[in-house]
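Now for the letters of each chain:
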Amino acid sequence: MDHPQSPNDAALRQLYAEMAPHHLHPLWEVLHGLVTPTPRSAAAPVLWRYAEAREFLLRAGGLISAEQAERRVLIMENPTLPGSSCATPSLYAGLQLILPGEVAPCHRHTQCALRFVMEGDGAFTALDGEKAVMRPFDLVLTPNWQWHDHGNASDAPMIWLDGLDIPMVRFFETSFAERLPDSAHPETAPAGDTLARYGRNLRPFAGTTAARRPAHLPLFHYPFAEWRAALRAIATHDAPDPHLGHALEFTNPADGGPIMPTIAAHVRLLPAGFTTRPRQATDGTIFVVVSGRGTARIGGQDFALMERDCFVVPSWQALELEAASELVLFAYSDRAAQEKLGLWREARA
Ligand code: GTQ
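These figures come from a predicted structure and were not determined experimentally.

What follows concerns the side chain of Arg228. Checked against the element boundaries, Arg228 lands in helix H7 (residues 224–237). When sequence neighbours within four positions are dropped, the list of residues in contact with Arg228 reads Leu269, Glu326 and Val328.

Below you can see the structure in the form of structure tokens.
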């Protein structure tokens with residue numbers, strides 16, 4: 001209670017006690033915690049060392065099959081959100097392992113997912129029966145209610161980051177999911193077909209049958225080779241943005257907006273020796289270190305960054321990045337949802 005002691009204090013306490021069994025409570029006792037002047041994230045800044053997580057994941061690989069587990073994933077849970085399976089209050093992050101010869105059975109759900117490849121080469125995600133062959137640091141989407149299965153026909157373990165909007169779907173109480181009776185969807189198109197139709201600044205000619213994919217969200221594969229080359233090209237002649245470095249957002253070619261209805265994703269390149277100015281944003285963000293070394297200062301706390309480490313920047317905590325060598329980062333957040341709701345803000349110091 002942050003108002004002064006009132007002579008009615010004892011009577012107020014009595015009132016609260018009598019109201020509580022009727023599920024009625026005084027707003028004035030909690031208002032300042034509900035309507036805060038600036039965001040107070042329940043999430044903590046946190047970093048997962050890839051080398052450590054990988055060891056645990058491979059151990060799990062020796063104990064449970066991908067098929068048994070349905071999805072063999074270690075959840076990266078924020079330590080201040082225990083039991084929630086959340087990396088931030090609105091987003092989920094996990095590391096999924098598929099061993100050679102394994103399949104992760106076909107299903108679909110109302111949650112949107114992205115996959116960001118951490119290691120391995122040649123496993124696939126099939127979306128509605130079309131395979132995307134996954135290479136390191138490729139981004140692959142499985143938007144809501146599209147059938148997806150994964151398999152690894154390569155000879156090495158495949159590990160990728162799963163980023164999903166599980167907490168948002170839970171908040172809205174809109175989770176639906178179903179399994180396909182067969183573990184794989186029948187093939188509907190050759191691998192790479194969608195990338196050729198929608199991924200090269202082209203689209204199927206109107207009125208032809210070539211428009212195979214859902215019109216609002218056709219593209220689902222953003223290869224590393226393409227996004228890395230784009231970042232490299234702008235970095236050779238542009239000055240880096242003082243707060244972001246060189247940054248490019250992945251877009252949905254149907255509308256030029258974020259990649260999925262709830263999730264936005266982007267990549268950044270910081271030249272060696274570059275330090276960003278502090279920046280706050282309302283979209284709590286999960287980052288992956290693609291290459292290089294440096295430091296992330298998150299709300300004043302320093303985290304050393306090594307390749308493939310994952311870290312969380314909670315809503316409205318200032319982020320400063322320092323690149324010891326050229327630093328390339330992948331990031332995803334709930335910015336797509338926040339912008340639709342008129343909530344997204346940033347502050348640049
Ligand atoms: O691959 O569909 O890490 O449904 C968590 C939930 C992956 C998936 C996760 C999921 C999936």
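Picking up after the structure, the text goes on.
Ordered in space as S2-S3-S10-S5-S8-S12, the six strands form an open sheet in which the pairing is antiparallel. The open sheet has two free edges, formed respectively by strand S2 (73–75) and strand S12 (221–222), since each of these has just one partner strand. Two strands pair when backbone bridges link them, and S2 and strand S3 (residues 92–98) are joined in this way by three bridges, in the antiparallel orientation. Among the inter-strand pairings, Leu74 is bridged to a residue of S3, identified as Leu95. Along the sheet, helix H3 (residues 50–61) contacts S2, S3, strand S5 (113–119) and strand S10 (158–164); its crossing angle with S3, the most-contacted strand, is approximately 55°.

The UniProt entry lists residues 95–162 under the feature "domain: Cupin type-2" (unreviewed entry), expressed in the numbering used here. Along residues 95–162 one finds 0% helix and 57% strand; the C-alpha atoms at either end are 6 Å apart.

Under the counting rule described, the total for this entry stands at 11 aromatic pairs. With a centroid separation of 4.0 Å and an interplanar angle of 5°, the aromatic rings of Phe116 and Phe330 are classed as stacked. On the criterion of sequence distance, the pair formed by Phe116 in strand S5 and Phe330 in strand S21 (residues 327–333) is long-range, its members being 214 residues apart. On the accessibility criterion, Phe330 (0% relative accessible area) is buried. What links up through ring pairs into an aromatic cluster is the set Phe116, Phe137, Tyr222, Phe224, Trp227, Phe250, Phe330 and Tyr332. The ring of Phe124 carries the charged tip of Lys131 above its face, separated from the ring centre by 4.4 Å. It is Arg335 that lies over the ring of Trp344; its NZ or CZ is 3.6 Å from the centre.

Parameters at a glance
Residues numbered from 1 in each chain as written. Predicted model: local features only at pLDDT ≥ 70, side-chain atom pairs only at ≥ 80, totals over all residues. Heavy atoms only, no water. Helix = DSSP H or I, 4+ residues; strand = E, 2+ residues; numbered from the N terminus. Contact = heavy atoms within 4.5 Å. Pairing = 2+ DSSP bridges. Axes fitted to C-alpha atoms, helices over the stretch in contact; angles between N-to-C directions. UniProt positions renumbered as here; feature names shortened; annotations may be inferred. Phe/Tyr/Trp six-rings, centres within 6.5 Å; stacked < 30°, edge-to-face > 60°. Buried < 20%, exposed > 50% of the residue type's maximum accessible area, 1.4 Å probe, protein only. Lys NZ or Arg CZ within 6 Å of the ring centre and 35° of its normal.

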